[in-house]
Protein chains: 2
Amino acid sequence: MTAFKQLQQHAKQISHFNHLAAICGWDQAAMMPAGGNQARSEAMAALSVHIHQLQTQPQLTEWYAQAETETLTDTDSAALREMKRQWQQATILPEALVQAKSLAGSKCEHAWRTQRGSNDWHGYEKNWAEVVKLSREEAQIRAEATGLSCYDAMLDIYEPGVTSTSLDTLFGDVKQWLPQMINSALEKQQQQRCIEPSGVFPAAQQKALGQSIMQLLQFDFNHGRLDESVHPFCGGVPQDVRITTRYSESEFVQSLMGIVHETGHARYEQGLPKLLAGQPAGEARSMGIHESQSLFFEMQLGRSAPFIEHLANNAHQHFSGQDSKLLSADNFQALYTKVERGFIRVDADELTYPAHVILRYEIERDLINGAVDHKDIPELWDSKMQQYLGLSTAGNFKDGCMQDIHWTDGAFGYFPSYTLGAMYAAQFMAAMQQTIDVDAAVRSGDLTPIFVWLEQHIWSKGSLLTTDQLVKQATGETLNANHFKAHLAARYL
Amino acid sequence: MTAFKQLQQHAKQISHFNHLAAICGWDQAAMMPAGGNQARSEAMAALSVHIHQLQTQPQLTEWYAQAETETLTDTDSAALREMKRQWQQATILPEALVQAKSLAGSKCEHAWRTQRGSNDWHGYEKNWAEVVKLSREEAQIRAEATGLSCYDAMLDIYEPGVTSTSLDTLFGDVKQWLPQMINSALEKQQQQRCIEPSGVFPAAQQKALGQSIMQLLQFDFNHGRLDESVHPFCGGVPQDVRITTRYSESEFVQSLMGIVHETGHARYEQGLPKLLAGQPAGEARSMGIHESQSLFFEMQLGRSAPFIEHLANNAHQHFSGQDSKLLSADNFQALYTKVERGFIRVDADELTYPAHVILRYEIERDLINGAVDHKDIPELWDSKMQQYLGLSTAGNFKDGCMQDIHWTDGAFGYFPSYTLGAMYAAQFMAAMQQTIDVDAAVRSGDLTPIFVWLEQHIWSKGSLLTTDQLVKQATGETLNANHFKAHLAARYL
Ligand SMILES: [Zn+2]
Ligand SMILES: [Zn+2]
């Protein structure tokens, strides 16, 4: 057997255990009674250790060296590249650092859950200092191994190929027009009135409504489910994708659009190349591309006029007896495109969201590169919030730099994916519209042409191409902010 | 570290992977969409291989040898005994035989799923011959390793300590009075009329009813769930027990009592000794003792007059508007104690059930010991059915020796557990009644004294005692058929 084949079999083996981790993780979030948590956490930890052992087996070094001398097809070369990438990610850091960071991160996150509520920056900062220190060590090691700058080496975990140079350009572009666009949108919406849902919207009815929309979006229920969890997510495996949502019975708009978002993630997973199942090359390209699919569903499709019509019609059917003005397409459109300057990223609308991400990007970039100290973050946060959104967070840590979970355990480099996803999505839509009348397809209720395009250009590619190649082949150009700007202008100006 | 401690840590490690297997197995039966099956089966197979590797690691031989020289407490001696037992079970058979039997069993079972429907004994018999041959080889190897007879070595897998000598005595006793008791019961019930459920009993209402009964039975919902699957079972782990049922909307009696049964299994699991969690000594004693708990719930408690009152009252609350005669306690009692001679074991009532088991026991004992040939089974089956239940299965294979799944993949030695369980349950009840007014406790709606007794005498013992010790300590005598006979006579004569 060739070394490449051996590596493939080994990757398949790892994927089986990742499968079990994904299902048990889903169960833990969506099904498990609270009393099962301790035993489950221990079992999952044992599984993690086993997966890590598989990923770092000594003979892999030789297999990779051997495989690079073998003659491979293009597909196999890409498969080798992606296996090797995952192997390098698994072996790049010394065990001691991984454990120290994991410990410091858990400690910081755990304390943060109460410190945030009491606005306790000083308590938080004590734990967080260690997380930042260890993350910088991590970045240093990754930088040496990859030849990238410290922060870029962290970016590379989530968004391979993207650098701070490219982000500075992309986000620099957005920064130039976004604050003014937010002003104009707010002005335009000043006399707009929307009716907020009030009353009771039973979870069972919301679920049925969500499922009808998932059907419209051609979610494959033979290879997936919809359930509930406190924090919505898309999990499972491509052959069995588990998405979750959370119902509040006092309103339905959040959960409904949340389902559209997760369905985007899910269809990407369901559409990944089946022939490469269980191989790194058959996995999703990156966090940013994953988010591009959920945001394509949520923002590009989900908030388009013809899709809003479907939402309104379906809501009418499932919430008969509710105020018909509330359930009108006009009101849905108003609710789903309402712009508001706010402190909290996860509550932000489509238009203000990039400001939250760019702010975080700039801060974490400088923090990891050592240009700023962790003690300076609250002040930096306040000044950037004032600059981008006209809001001050002076003294308000809990709605400022303490609001997100990401930094508490050192996931630096993740935030840019959100806005990269939004940009990719806009660029994909622009490209798609050159050959498909998207609005007409949505209006007809048969969205097949849209999904065929996505499957052909994005889903079926898995990780065979680099992100740059993928975007260029799909859209004819590399990622830029023009389509994103045009999309936002068309919707909000 | 002592060898004993090393063995304990190793056992704990194995239990983590068994935990994952239990949850993913539950998910496969209760949650997974059909399209996920192939990938899941592959992942579960990889997990099985990993667990088997852990169970058979070469250094264990030395650790066991070493541990036997170490000074241990009584509890630790029992813990060592049970670990060693599981290790021996895992290592006793050559890999090649395990694989051959698994293959032959899968092939036979798969074909059986269609052959049974078409009454195709000759097709079945061709595959089954191989299963029987390999099972005899297995029994032979087990016999040599344990010093037991061939069939007893198979019994030992499921019911350690029980031999065909003891079963011949126990079942021989039952055979003497059972046929006559069935006759008398049928005669007594001749003029009894019961109303069968008709109409629609929505699954959601049945589930709510089931949960209210689980509450009465003090199922711990913080450490378990109730869900649905085609074949009801009790799975998961002691910290998180997953029971399932299957609702037919045209009736509710089967599912309701099925839930009582599985709750018995579940409370045993939930009541196992927490200090021994993850160790073989902390696991359920045997198949027979497990079944004794489910049958204690289903037969001893569940069909008692005061429990039937609860069932009827709760059914009234959940099925308001249904015929009140149907939902009367008298009718419930009649429905749940109706005796009928039938072909099918899984549909059999409490009184005729032992006949089905004894028949299978006698046949499989002689088959594995080589006293009869697999070709002789249909004839033997027919003659024993006539003898015990007055029914002929001549030419009717599908309702005769082809009805059960157990033999298709060579699970010989399992059947006796069912009736052993019923006997243990009756003996436990008789002992309990010496100190507890069981009917009064049930009537009061607070069944705590009953569960305290079970926890103290059965659940908390895990596998620290042998089955014989367990039964003797709990009831003051070793297992015998007297209490079972008295119980059946009191209920049916
Ligand atoms: Zn997302
Ligand atoms: Zn049972």
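Residues numbered from 1 in each chain as written. Chains lettered and ligands numbered in written order. Predicted model: local features only at pLDDT ≥ 70, side-chain atom pairs only at ≥ 80, totals over all residues. Heavy atoms only, no water.

Caption draft 1: Region of the structure containing the environment of Gly172 of chain A. When you line up the elements, Gly172 of chain A lands in helix α8 (residues 164-188). Here the alpha-carbon distance between Gly172 of chain A and Ile358 of chain A, two residues 186 residues apart in the chain, equals 8.8 Å. (Helix = DSSP H or I, 4+ residues; strand = E, 2+ residues; numbered from the N terminus.)

Caption draft 2: Up close: the sheet that holds strand β1 (residues 224-228) of chain B. All names here are of chain B. Judged by pairing direction, the sheet is mixed, and its three strands sit side by side in the order β1-β3-β2 without closing on themselves. Each having just a single partner strand, β1 and β2 (234-237) make up the two edges of the open sheet. Looking at each pair of strands side by side, their axes are set apart by 20 degrees on average, direction ignored. (Pairing = 2+ DSSP bridges. Axes fitted to C-alpha atoms, helices over the stretch in contact; angles between N-to-C directions.)

Caption draft 3: How the structure looks around the pattern of salt bridges. Across all of its chains, the model carries 50 salt bridges over all chains by this definition. The shortest N-O distance in the salt bridge between Arg365 of chain A and Asp366 of chain A comes to 3.0 Å. For Lys175 of chain B, the salt bridge identified is with Glu362 of chain B, shortest N-O distance 2.6 Å. Here Glu362 of chain B lies in helix α14 (residues 353-368) and Lys175 of chain B lies in helix α8 (residues 164-188), a separation of 187 residues in the sequence. Taking the relative accessible area as the measure of exposure, Lys175 of chain B reaches 30% and is therefore partly exposed. A single network of salt bridges, built from pairs that share partners, joins Asp27 and Arg40 of chain A together with Asp240 and Arg242 of chain B. (Salt bridge = Lys/Arg side-chain N within 4 Å of Asp/Glu carboxyl O. Buried < 20%, exposed > 50% of the residue type's maximum accessible area, 1.4 Å probe, protein only.)

Caption draft 4: Looking closely at the relation of the copies chain B and chain A. Expressed as a screw transformation, the operator carrying chain B onto chain A has a rotation angle of 180 degrees and an axial translation of 0.0 Å, and the superposed copies differ by an RMSD of 0.0 Å. Each copy turns onto its partner about a two-fold axis. A symmetric contact is evident, with 100% of the interface residues of chain B recurring at the interface of chain A. (Least-squares fit on C-alpha atoms with pLDDT ≥ 70 in both. Contact = heavy atoms within 4.5 Å.)

Caption draft 5: Expanded view of the nonpolar core. Residue and element names in this part refer to chain A. Ranked by internal contacts, the top residues of the largest apolar core, which has 120 residues, are Trp128, Phe296, Leu301, Phe332, Ile450, Leu454 and Ile458. Here this core gets eleven residues from one element, more than from any other, and that element is helix α16 (residues 416-433). Residues from two domains meet in this core; each of domain 1 (3-147) and domain 2 (166-492) gives at least three. Sequence-distant contacts of Ile458, defined by excluding residues within four places in its chain, comprise Tyr268, Ile289, Gln293, Phe428, Trp453, Leu470 and Ala474. (Core = buried A, V, L, I, M, F, W, Y, C linked by side-chain atoms within 4.5 Å. Domains from an automatic or database assignment.)

Caption draft 6: Structural view of the coordination of the zinc ion (ligand 2). Residues and elements named next belong to chain B. Around the zinc ion (ligand 2), the protein contributes the donor atoms His261 (NE2), His265 (NE2), Glu291 (OE) and Glu291 (OE), at 2.1 to 2.8 Å from the metal centre. Relative to the metal, the four donor atoms surrounding the zinc ion (ligand 2) lie at angles of 48 to 125 degrees, and the coordination shape comes out irregular. Donor residues for the zinc ion (ligand 2), ordered by position in the chain, follow H-x3-H-x25-E. Pair noted here: His261 and His265 are both in helix α10 (residues 253-271), with a separation of four residues, about one helical turn. The same class applies to His261 as to His265, namely buried. (Donors = N, O, S within 2.8 Å, 3.2 Å for Na, K, Ca; no water. Tetrahedral: all angles 85-135°; square planar, octahedral: opposite > 155°, others 65-115°.)

Caption draft 7: Examining the sheet that holds strand β1 (residues 224-228) of chain A more closely. Residue and element names in this part refer to chain A. Taken in spatial order, the three strands make up an open sheet running β1-β3-β2, and their pairing is mixed. Both edges of this open sheet fall to β1 and β2 (234-237), since each of them pairs with a single strand only. When strand polarity is set aside, the average angle formed by the axes of neighbouring strands in this sheet is 20 degrees. As paired strands, β2 and strand β3 (residues 240-245) are joined by four bridges and run antiparallel to one another. In the sheet register, Gly235 faces β3, and the bridge partner there is Arg242.

Caption draft 8: Broad picture of the UniProt feature "active site" (unreviewed entry) in chain A. Residue and element names in this part refer to chain A. Taken from the UniProt record, the annotation "active site" (unreviewed entry) applies to Glu262. Within the secondary structure layout, Glu262 lies in helix α10 (residues 253-270). A residue is classified by how much of its surface remains accessible, and Glu262, at 10% relative accessible area, is buried. Sequence-distant contacts of Glu262, that is, excluding residues within four places in its chain, are made with Pro232, Phe233, Cys234, Ile243 and Thr244. (UniProt positions renumbered as here; feature names shortened; annotations may be inferred.)

Caption draft 9: Layout of the domain arrangement of chain A. Residue and element names in this part refer to chain A. Split into domains, chain A comes out as domain 1 (3-147) and domain 2 (166-492). Between domain 1 and domain 2, the C-alpha centre-to-centre distance is 26 Å. Between domain 1 and domain 2, the contact holds 39 residues from the first and 47 residues from the second. Together, Trp26, Arg116 and Trp121 form the three largest contributors to the area buried by domain 1 at its contact with domain 2, with a combined 19%. Between domain 1 and domain 2 we count two salt bridges in total. One salt bridge in this structure joins Glu82 and Arg285, with 3.1 Å as the shortest N-O distance. Applying the counting criterion to the domain 1 and domain 2 interface returns 17 residue pairs in polar contact (both at pLDDT 80 or more). Those elements that place two or more of their residues in the side of domain 1 that touches domain 2 are α1 (3-30), α4 (74-91), α5 (95-115) and α6 (121-146). When its residues are assigned to classes, the side of domain 1 that touches domain 2 shows 19 nonpolar, ten polar and ten charged. (Buried area = accessible area lost by both parts, 1.4 Å probe. Polar contact = N/O pair within 3.5 Å; in protein donor to acceptor, adjacent residues only side chain to side chain. Nonpolar A, V, L, I, M, F, W, Y, C, P; charged D, E, K, R; others polar.)

Caption draft 10: Just the pairing of β1 of chain B, in detail. Residues and elements named next belong to chain B. Here β1 lies mainly inside the structure; four of its five residues are buried. Where β1 lies against strand β3 (residues 240-245), five bridges are found, and the strand directions are parallel. When the bridges of β3 are listed, Asp227 appears paired with Thr244.

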